[in-house]
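Remarks on the overall topology
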Amino acid sequence: MGVVLLLSAKSTKELEINYTNICANCAQLREDSSNFDKECTCSVPFYLLEKMEGNVYMYYKLYGFHQNLYRYVLSRSNSQLLGKDIWDVKDCSPFQMSHNNTPIIPCGAIANSIFNDTITLSYNLNSSIHIKVPMLKSGLAWLTDKYVKFQNPRTSDLASVFAGSAKPLHWTKPIYELDTDDPGNNGFVNEDFIVWMRTAAFPTFKKLYRRLKRVDYFAEGLPAGNYNFHISYNFPVTMFHGEKSVVLSTLTWIGGGGIFLGLTYTVTGALTLLASFAILTIHLMLKRTKKSFL
Amino acid sequence: MSLNEREDEDKHTEDKERILMANDRKFNALFDYPDNSIKTSKYSLFNFLPMNLFEQFQRLANAYFLVLLFLQLIPQISSLAWYTTVIPLIVVLSITGVKDAIDDVKRHQSDKQVNNRSVLVLVDGRVEEDKWMNVQVGDIIKLENDHPVTADVLLLSSSEPYGLAYIETADLDGETNLKVKQAISVTSDMEDNLELLSAFNGEIRCEPPNNKLDKFSGILNYLGVNYFLDHDRLLLRGCIIRNTDWCYGLVIYTGPDTKLMQNGGKSTFKRTHIDHLMNVLVVWIFLVLGAMCLLLSIGHGIWESNKGYFFQEFLPWQHYIASSTTSSALVFWSYFIVLNTMVPISLYVSVEIIRLGNSYYINWDRQMFYAPKNTPAQARTTTLNEELGQVKYVFSDKTGTLTENVMIFNKCSINGKTYGYSYDANGQCVPVSLNNKVDFSYNHLADPKFSFYDNTLVEAVKSEDHFVCLFFRCLSLCHTVMSEEKVEGKLVYQAQSPDEGALVTATRNFGFVFCSRTSETITVIEMGETRVYQLLAILDFSNERKRMSVVVRTPEDRVMLFCKGADTILYELLHPSCASLSEVTMDHLDLLGATAIEDKLQIGVPETIVTLSKAKIKVWVLTGDKQETAVNIAYSCRIFKDEMDEVFMVEGTDQETVLQELRTARKKMKPESLLESDPINICLARKPKMPFRVIDEAPNGDYGLVINGYSLAYALEGNMELELLRTACMCKGVICCRMTPLQKTQVVDLVKRYKKVVTLAIGDGANDIGMIKAAHIGVGISGHEGMQAMLNSDFSFCQFRYLQRLLLVHGRWSYNRMCKFLSYFFYKNFAFTLVHFWYAFYNGFSAQTVYDTWFITCYNLVYTSLPVLGLSLFEKDVNETCSLCYPELYEPGQHNLYFNKKEFLKCLVHGIYSSCVLFFVPMGTIFNSERSDGKDISDYQSFSLLVQSTLIWVMTMQIALRTNTWTMISHAFTWGSLGLYFCILLFLCSDGLCLMFPSTFYFLGVTRNNLKQPQMWLCLILSTVLCVIPVIGYNFLKPLLWPINVDKVLERIHFCLKHPLPLPVQAKIKHPGLRRSAYAFSHKQGFGDLITSGKTMKSSAFKTSKRPL
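The rules behind the values
Residues numbered from 1 in each chain as written. Chains lettered and ligands numbered in written order. Predicted model: local features only at pLDDT ≥ 70, side-chain atom pairs only at ≥ 80, totals over all residues. Heavy atoms only, no water. Helix = DSSP H or I, 4+ residues; strand = E, 2+ residues; numbered from the N terminus. Buried < 20%, exposed > 50% of the residue type's maximum accessible area, 1.4 Å probe, protein only. Areas by Shrake-Rupley, 256 points an atom, 1.4 Å probe, with all protein chains shown as cover. Rg over C-alpha atoms; globule rule 2.2 N^0.38 Å. Contact = heavy atoms within 4.5 Å. Lys, Arg positive; Asp, Glu negative; His and termini not counted. Charge placed at Lys NZ, Arg CZ, Asp CG, Glu CD. Axes fitted to C-alpha atoms, helices over the stretch in contact; angles between N-to-C directions. Parallel < 35°, antiparallel > 145°, perpendicular 65-115°, else oblique. Left-handed = near helix turned anticlockwise from the far one by under 90°. Nonpolar A, V, L, I, M, F, W, Y, C, P; charged D, E, K, R; others polar. Pairing = 2+ DSSP bridges. Expected span 1.5 Å × (residues − 1). Bend = angle between axes of the 7 residues up to and from the residue. Buried area = accessible area lost by both parts, 1.4 Å probe. Salt bridge = Lys/Arg side-chain N within 4 Å of Asp/Glu carboxyl O. Polar contact = N/O pair within 3.5 Å; in protein donor to acceptor, adjacent residues only side chain to side chain. Disulfide = S-S within 2.5 Å. UniProt positions renumbered as here; feature names shortened; annotations may be inferred. Core = buried A, V, L, I, M, F, W, Y, C linked by side-chain atoms within 4.5 Å. Phe/Tyr/Trp six-rings, centres within 6.5 Å; stacked < 30°, edge-to-face > 60°. Lys NZ or Arg CZ within 6 Å of the ring centre and 35° of its normal. Arc of directions from axis to C-beta.

**Considerations on the overall build of chain B**
- Summing up its helical and strand segments, chain B has 38 helices and 34 strands in all.
- When the 1109 residues of chain B are sorted by exposure, 55% land in the buried category.
- Carbon together with sulfur atoms contributes 59% to the accessible area of chain B, which is approximately 48,100 Å² in total.

Below you can see the structure in the form of C-alpha cells.
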C-alpha cells in the first residue's frame, strides 16, 4: 500500500515560488498599514523545466499565518454569511462595527484578514509574445459551501441590500463588488472569499486560487517554458514574520504530492513484519527452553 | 467516652426528662411531642430538586464540574461552549436523581401504609378505631393478638395472668423467640375495665427518647405513690403481640421518638479499595492537569510576545489584555476548561451502574438460590462487588454457618447398648437410607419430620425395657421446653436451644410425649398413658455448670432427680460403680444413657473450604463454642488436615504463658522471625505511630492454631496483638473458640488494620454482627438464628457453600470487569484529551480545541459509554466452571494486580502514545494536502472530523481487543456505537440542522465532503493499526516474558477449551471418621426461671393450658 501511495505521489508535479522576498520593496511598503491604498505590483519570472500535464491548480501558500487561533476561528457570523440575517454581527468581535458604528459586512477577523493579492500567470512563448494563461475562478470551493453555507440575500441588487453597512477594515472594496462581472461569484458566494473563510487547521497552509482553463496552448496542461507571475502585492506577511508563496501543482487520485501517508504505511508495514518475526522467535525460543526443562 | 463527658451527658438527660400524663391530651400538648406518624422519606415534592441537587453537589466530581461550568460562563476564559459541560452534568445528575426519586417514592408509599394502619384508642371511656398517625403521647391504646405495636407503650394490663404479655421482636433484633413483658401490679389490676382505664391519671417521668433497645427507666406517679419502671414494662414499636388476647398500654414515645425509629438509618458506609484508589488517581489527574495547563500557559505567554504581538493587525488583543503575561494567566484557565475531560465526569456514575448490574447477577444467580427455603442470594450493598474478588481472609462463625444448626437426635446409648446404627436382616450395618426408616405410625403424636433408622430402639421401647423407658422419661422431663397446641393433636415446641428441642422431639416420637407444663407440674403422655409429675425444682442450664437438673415427684410418689449435661461434666458426677438404678444419692449420679445429637455440617462445606484455600484465601473460624467442638469441626471441614505438621494450642491463662505459647509456635514455624534482623522486627523497633502494613511471612510447613477466648483476651492487648497476628497469619488455619462478640470484632479489626487486605466475615447470629460490620465485606447466612446478621450484612444467602461462588465467580468477574473498565476508561479519556495538548503547539496555545464542541459533549456520554458498559457488564475472561475448577485464578485480585497505580501509569503512557498517533497521523495526512479535485481538506473542520472519527475507531478496536467473550449484546453495543457515531455525525453536519442554527452547528457538509476522500480512510486505518499493534504485541509478550501464575493457568484453560478433554473432576473429599463427640448445648439460659417463678403458667389449670401459650 505504502509503495503504491509513494509512486502516485511521485507522479505529481509541483512548483512553489516564495515571493515574500522577491517582492521585498512591496513587502516593506505593506508593513505600514497606512499605505494600504498604495498599489504595489511585482513580477516573478520562472522557467518550467518539464511540462505539467493534465489539470493544473494554482495555490497561494502562507507560512506562519495562524488561522486556527481560538478567537480568530470564532470571529465570524454564519447567519450573516447565509444571507439570513446580514446585520447579525454579535459573534464577530473584535471586528463587529466600523469606526462610525455601522455594522461590518462581512464581519469578523477571518473575513477582515482575507488574502487579497491578485496573481496572474503569463506564458512567454518567446521574448515578444506574452500570453496570459487562462484561469478559472470557479470550482474552487466545496459545493456545500458554495450553494448551502454561503448565500446572498435574495435580491437583484446587492448594493442596496448592503447599504448602511461598512466594508471590513482591510478591504479596498465592499463585498458586493468582489466580482462585478459574474453575479454568481459576487457577494458572499465569491469563491475566493469562501475558500478563505474555510479556516486552515495549521499555521502553514495553501489555498486553491485558480484552476487552469485547458484551452489552446494549454489544452494538455502547462507546457515547459518561460513564465511570469504578475502579483499585485496587498497582503502583508513580514510584520508577523510570515511568508507567502504561489504553488502550481498537478494532482492524482490521492490528491497532492504529500509522501507522508506513503512513507508511514511503508515504515509501519516493515516494522510490523519485523516485530512479528521477533516475537515469533522469542516465542519459539521460550517454548524450546520450556521443553528442555521438562 | 471519659467519665466527665458521661456525667455531662447524664445531666443533660436529666434536663430533658420527659413528663406525661395518662389520658390528658391537654397537659401533654404543652410539651410538643410529635404525633405517631413516621417519615422515612427524604424529600417532598417541592424540596426534591433543591435538596437532591445539594446532596449531589457535595460529591467532589459533581462539584468540580459545577465550578467548571461557572468558569465557562466567564467570557474572558471560556474556551468551550457552555453546553459541553452542562449536558453531561445534567445527564449524570438526572440519572442519580431518578434513582433517588424512585427510592423515595417507595419510602413514601411504605410510610403512608404504616401511618394509615388502624389501632384501637381509648377515648372517653370507649374504644375507638383510629389511624396510627393520630395516636398521641399519653393515649391509652388497646393491642390485640398478632398485631404490631403502634408506638413505644407502657404495658398497663393484659389478658394473661400477672399482667404478662408476650412479644416477638423479630423486626427489632431479629430474634424469633418470644419475650415476656410484665405490667406493674397497680395497673394490671385494672384489666380491661374501661372505666378504670379512662380514669387512670398516672403521671410518668422518664428519660428522653434514645436508641437503646434494652434500656428504659422512668417513674410512674399514681395516686401519690411512685412506681419504678424499667424496660420490662415497655412494649416497643415494631414488636408483635403473641399469645396474648389483648393488652392495654400507655403511649410514651411516638413516631420519630420511638426506639425503632431512633435506631434506624445510621449505618456506616463501606468503601472499597478501588474507591480509595480512584480518589487518589483523580487527585493525580488534577496535578497532571495543573502541570499541563501551566506548561501551556507559559507557552502561550512566549508565543504571544513573539508572534501574537505582531499578529495584532489581524487579531488585536482584547482591550483588557495589557501584556502577554495577563493573556497567559487567562489561558491557564482556558486550558483548564479544555482539558477538563481528563477528569472523567461519567466515571462515578458508570461505576455505580456497573456495580448495580453485577449485584443483580448475584441476586439472579439460580445456583445460589436455596430452594428449600425459597431464598435467593441477595446483594444488600451494591457498592462492594469488586472487593469480593480480592478477599484474602475469611472469618467464619461455626454454628449455623459451617453447620446447619439443625440438631438431630442421631444415636443414643442406653445402659451400655448403642442405638442408632441401622442393620439389615442379617445384622450387618448398612448405610442409612429411606428404606430402613423407623415407622412411628403407632404414635399419633409423633412429629412426621423426625426420622430414625434403628428399629431396635423402638422395639425396646415397645417392650417397655426399664432403662430405655427411664432414659426417655428423663429426656421428657428434664428440659425447659414450652409446648403449644395450635391445632388439636399437633404440638409445637418452643425451645431456647435447638438441641434441647431435638431431644424432646425425639422423645416424643418414641412415645414419651411432653404435653404441657405448669409451674408445679409436667404432663407427659407415656405410651398413650397420661402422667402428671410434680415439679419440685429446676436447676436451669448455664454456661458454667453446663448441665441442668430437675427434681420431680412421680405419680407413684417417688422423688427423682434427672440431670443432663455435657459429657465431661457429668462424667465427674457419676457413681463410680455406675449402678443401674436411677436413684438420688448424695454425691453420685447414675448414668442412664448418652445421647448423640448431630449438628450436620452444611452440604459442601469441606469442599468449599478446600477450594477457598486453593485460592489462597485463609479461613479463620471464630466461634463461641468450646474448644473440642471447634477443633473437631475444623478437622471435619478440612480447615485442619491430618497431614498438618502441627496444630498449636494457645490456652494460657495469664499474659506470660500466652506470649510464651505464641512465641514458641512462631519459633517452630519460622525461627528467623524472632531474630532482630527480621524486617518486621526492625520495623517494630522503630516504633511507628501509624499502623503499618505487616508483610506476609512464609512458614516452613503447614500449621494450625487454636486459641481460646480467655487467652485471646490477653493476646489482643496492645503490645501482644502483633505477636498474635504474626503467629496466626503464618498458620494455614486458625480456630478461635469461646469468643465473645466483641473479641470477634477485635480479631477482624486487627487483621484489617495491619494486613491491609480485604477481609470477609460470615455469620448467622446476632453475635456475629460486630464482625460483619467490622470486616470489609459482611456476609449474612439467613439461617435459624433470626434475621439480624442478615440485616447487617452486605451480602446474604442461605448456605455456606455459596461463598465460593460468590467469591470465585461473581467476585472475580466483578473485580476483573471493574479493573478492565477503569483502565479502559482512564485510557480513553487520556487519549481523547491529550490531543488538545499536542494541538496547542500549532495554534499559538490559544486554547483551541481539536474537536467540535458537540463531539466533546457526546464523547463520554453517547459514543463510548455503551461499549464500555457492555464490556464491564458482560465480560467473562473464563467461564464459571473454569473459575471454580482453577481457584488459582483468584489470586491476582488479592494482590490487586489488575488495577493499581502501576496499571494506571500504563494507561497514562498508553493514552499519551495513542493521542500522539491520533494527532500526528491525521496532521501528516492533511498537512499541505488537497483533494483530488484540488479543493481544500487541510481546513480546521476537516481535521477535527478526521481526528474524531479516528479516535472513535481506535477506541472501538481497543474495546474489541479487551473483550474475551463476544455476546450478541457486546456486538450490538460495540459496533452499534460506531454506527451511531456516524449517524449522529451526519445529522450534526446536515443542511437542515446547520441552516436552522447557523451559529451553533457550523460543520455543514464536512462529513459528506470528507468521508468520500480516500486519504481520510487511509489515515483512519493507519492510525488504528498504529494504536492497536503495540497493544497486541504487549499482550502477546507479557505472558511470555513476565509471566505471573495466572497466565499459566489461563494457558491451560485455553488449551483445554481448544482440545476438549474432560475437565479435571474435583476429587470428592473424604470426610474423616467421626471425630466429633462434643456437647453443644445452648449457651443461653433456658426458660427455667420463668417456669419456677410460675409467672407463665396458670397455676390452676391443666385444661386452660391447652390454649396457645
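**Digging into the overall build of chain A**
- Check the secondary structure of chain A and you find 9 helices and 11 strands.
- At 25 Å, chain A has a C-alpha radius of gyration far larger than the 19 Å of a compact globule built from 294 residues.
- The principal-axis extents of the C-alpha atoms in chain A amount to approximately 95 × 55 × 40 Å.
- When burial is assessed residue by residue, chain A has 52% of its 294 residues classed as buried.
- For chain A, contacts bridging at least 24 residues in sequence account for 77% of all contacts bridging at least 6.
- Within chain A, one finds 29 positive and 23 negative side-chain charges whose respective centroids are separated by 13 Å.

**Focus on the packing of helix α26 (residues 802-840) of chain B against helix α28 (residues 865-874) of chain B**
Residue and element names in this part refer to chain B.
- Viewed as axis vectors pointing N to C, α26 and α28 meet at an angle of 160°, and their least axial separation amounts to 8 Å. Between α26 and α28, the crossing angle belongs to the class labelled roughly antiparallel. Between α26 and α28 lies a crossing of right-handed hand. In this structure, α26 contributes Arg 817, Lys 820, Phe 821, Tyr 824 and Phe 825 to the contact, and α28 contributes Val 868, Leu 871, Ser 872, Leu 873 and Phe 874.
- Looking at the contact of α26 with α28 residue by residue, the class counts come to 7 nonpolar, 1 polar and 2 charged.

**Quick word on the pairing of strand β2 (residues 118-123) of chain B**
Residue and element names in this part refer to chain B.
- Of the strand pairs in this sheet, β2 and strand β3 (residues 126-131) are connected by 6 bridges, and their pairing is antiparallel. Bridge pairing links Leu 120 to Glu 129 in β3.
- Between the antiparallel neighbours β2 and β3 lie 2 residues, among them Asp 124 with a positive phi of about 50°.
- When β2 meets strand β4 (residues 140-144), the two strands line up antiparallel, connected through 2 bridges. Looking at the pairing, Leu 120 lines up with Lys 142 of β4.

**Section: helix α33 (residues 968-988) of chain B**
All names here are of chain B.
- Its 21 residues place the ends of α33 29 Å apart at the C-alpha level, agreeing with the 30 Å of an ideal helix rising 1.5 Å per residue.
- For α33, the principal kink sits at Gly 976 and spans about 25°.
- Restricting attention to buried positions, one finds in α33 the residues Ser 970, Thr 974, Ser 977, Leu 978, Tyr 981, Phe 982, Leu 985 and Leu 988.
- In this structure, the buried residues of α33 make contact with α27 (853-863), α28, α32 (940-962), α34 (991-996), α35 (1006-1011) and α36 (1014-1041).

**Focus: the interface of chain B and chain A**
- Listed per partner, the contact involves 70 residues of chain B and 69 residues of chain A.
- At the boundary of chain B with chain A, total buried surface from both sides reaches about 5,900 Å², with 65% on carbon and sulfur atoms.
- Here chain B and chain A share 3 salt bridges between them.
- Seen at the junction of chain B and chain A, the total is 21 residue pairs in polar contact (both at pLDDT 80 or more).
- Listing elements by their share of the side of chain B that touches chain A, those giving two or more residues are α10 (273-306), α31 (901-926), α32, α34, α35 and α36 of chain B.
- Examining the composition of the side of chain B that touches chain A, we find that 14 residues originate from one element, α36 of chain B, more than from any other.

**Observations concerning the state of the cysteines**
- This model, assessed by the stated rule, comprises 3 disulfides over all chains.
- Here Cys 26 of chain A is linked by a disulfide to Cys 40 of chain A, with a sulfur-sulfur distance of 1.7 Å. Around the S-S axis, the bridge from Cys 26 of chain A to Cys 40 of chain A shows a dihedral of about -85° and counts as left-handed. Taken together, the residues Cys 26 of chain A in helix α2 (residues 24-31) and Cys 40 of chain A in the loop between α2 and β2 (41-48) connect sequence positions 14 residues apart. Taken individually, Cys 26 of chain A and Cys 40 of chain A each receive the classification buried, so the pair is uniform in this respect.
- Disulfides within chain A link the bonded cysteines, taken in sequence order, as 1-4, 2-3, 5-6.
- Not engaged in a disulfide, the cysteine Cys 819 of chain B finds its nearest cysteine sulfur in Cys 907 of chain B; these two sulfurs lie 10 Å apart.

**What to know about the UniProt feature "domain: P-type ATPase N-terminal" (unreviewed entry) in chain B**
- Cross-referencing UniProt, the feature "domain: P-type ATPase N-terminal" (unreviewed entry) maps to residues 22-86 of chain B in the present numbering.
- Here residues 22-86 of chain B runs as 51% helix and 0% strand, with 59 Å between its end C-alpha atoms.

**Focus: the side chain of Asp 397 of chain B**
Residue and element names in this part refer to chain B.
- Inspection of the secondary structure puts Asp 397 in the loop between β15 (391-396) and β16 (403-414).
- Engagement of the side chain of Asp 397 in a polar contact is seen with the side chain of Thr 401, the distance being 3.4 Å.
- A polar contact of 3.3 Å, which involves the side chain of Asp 397, links it to the side chain of Lys 744.
- Once you skip the residues sitting within four places of it in the chain, Asp 397 turns out to touch Leu 402, Leu 622, Thr 623, Lys 744, Ile 762, Gly 763, Asp 764, Asp 768 and Met 771.

**Description of the pairing of β16 of chain B**
Residues and elements named next belong to chain B.
- Bridge analysis of β16 against strand β17 (residues 417-419) gives 3 bridges, and the strand direction is antiparallel. Directly across from Cys 412, in β17, lies its bridge partner Tyr 419.
- Hairpin connection between β16 and β17: a loop of 2 residues separates the two successive antiparallel strands, and Asn 415 in this loop has a positive phi of roughly 55°.

**Details of the packing of helix α22 (residues 721-730) of chain B against helix α23 (residues 741-755) of chain B**
Residue and element names in this part refer to chain B.
- With their axes 11 Å apart at the nearest point, α22 and α23 run at an angle of 85° to one another. Taken together, the axes of α22 and α23 lie roughly perpendicular to each other. Judged by residue contacts, Glu 721, Leu 722, Leu 724, Leu 725 and Cys 729 of α22 engage Leu 750, Val 751, Arg 753, Tyr 754 and Lys 755 from α23.
- Split by residue class, the contact of α22 with α23 holds 7 nonpolar, no polar and 3 charged.

**So, the nonpolar core**
- Counting 191 residues, the largest nonpolar core has Trp 196, Leu 222 and Phe 229 of chain A as its most contacted members.
- Looking at this core, the element that brings in the most residues is α26 of chain B, giving 18 residues.
- When near neighbours in sequence (up to four residues on either side) are disregarded, Phe 229 of chain A contacts Ile 17, Cys 42, Ser 43, Val 44, Phe 46, Met 58, Ile 119, Thr 120, Leu 121, Val 246 and Leu 248 of chain A.

**Quick word on the pattern of salt bridges**
- As enumerated under the stated definition, the model contains 43 salt bridges over all chains in all.
- The salt bridge partner of Asp 936 of chain B is Lys 207 of chain A, with a shortest N-O separation of 3.3 Å. One end of the pair, Asp 936 of chain B, is in the loop between α31 and α32; the other, Lys 207 of chain A, is in strand β8 (residues 205-212), on a second chain. As far as burial versus exposure is concerned, Asp 936 of chain B and Lys 207 of chain A are alike and both buried.
- As a salt-bridge pair, Asp 702 of chain B and Lys 732 of chain B come within 2.8 Å of each other at their nearest N and O atoms. With Asp 702 of chain B in the loop between α20 (679-685) and β30 (703-708) and Lys 732 of chain B in the loop between α22 and β31 (733-737), this residue pair connects regions lying 30 residues apart in the sequence.
- By relative accessible area, which is 30% here, Asp 702 of chain B ends up partly exposed.

**Section: the environment of Gln 746 of chain B**
Residue and element names in this part refer to chain B.
- Checked against the element boundaries, Gln 746 lands in helix α23.
- With relative accessibility at 35%, the residue Gln 746 sits in the partly exposed group.
- Sequence separation of Gln 746 and Met 771 is 25 residues, and the distance between their C-alpha atoms is 7.8 Å.

**Description of the packing of aromatic side chains**
- Scanning the entire structure with this criterion turns up 88 aromatic pairs over all chains.
- For the pair Phe 826 of chain B and Phe 904 of chain B, a centre-to-centre distance of 5.2 Å together with 90° between the ring planes defines the contact as edge-to-face. Placement of the pair is Phe 826 of chain B in helix α26 and Phe 904 of chain B in helix α31, with a sequence separation of 78 residues.
- The class of Phe 904 of chain B is buried, set by a relative accessible area of 3%.
- Among the aromatic residues, those joined into a cluster by ring pairs are Tyr 60, Phe 65, Tyr 72, Phe 115, Trp 196, Phe 205, Tyr 209, Phe 235 and Phe 240 of chain A together with Phe 311 and Phe 314 of chain B.
- Stacked on the ring of Trp 142 of chain A, the Lys or Arg Arg 198 of chain A has its end atom at 3.9 Å from the ring centre.
- Lys 828 of chain B extends its terminal NZ or CZ atom over the ring of Phe 825 of chain B, reaching a point 4.5 Å from the ring centre.

**Observations concerning helix α13 (residues 455-462) of chain B**
All names here are of chain B.
- Residues of α13 that are buried include every one of Leu 457, Val 458, Ala 460 and Val 461, and no others. Buried residues along α13 cover an arc of 160° about the axis, so they all sit on one side.
- Contacts made by the buried residues of α13 are with β16, β17, α14 (466-477) and β22 (512-517).
- Where α13 ends, the next residue or the one after it, Glu 464, has phi of about 55°, a positive value.

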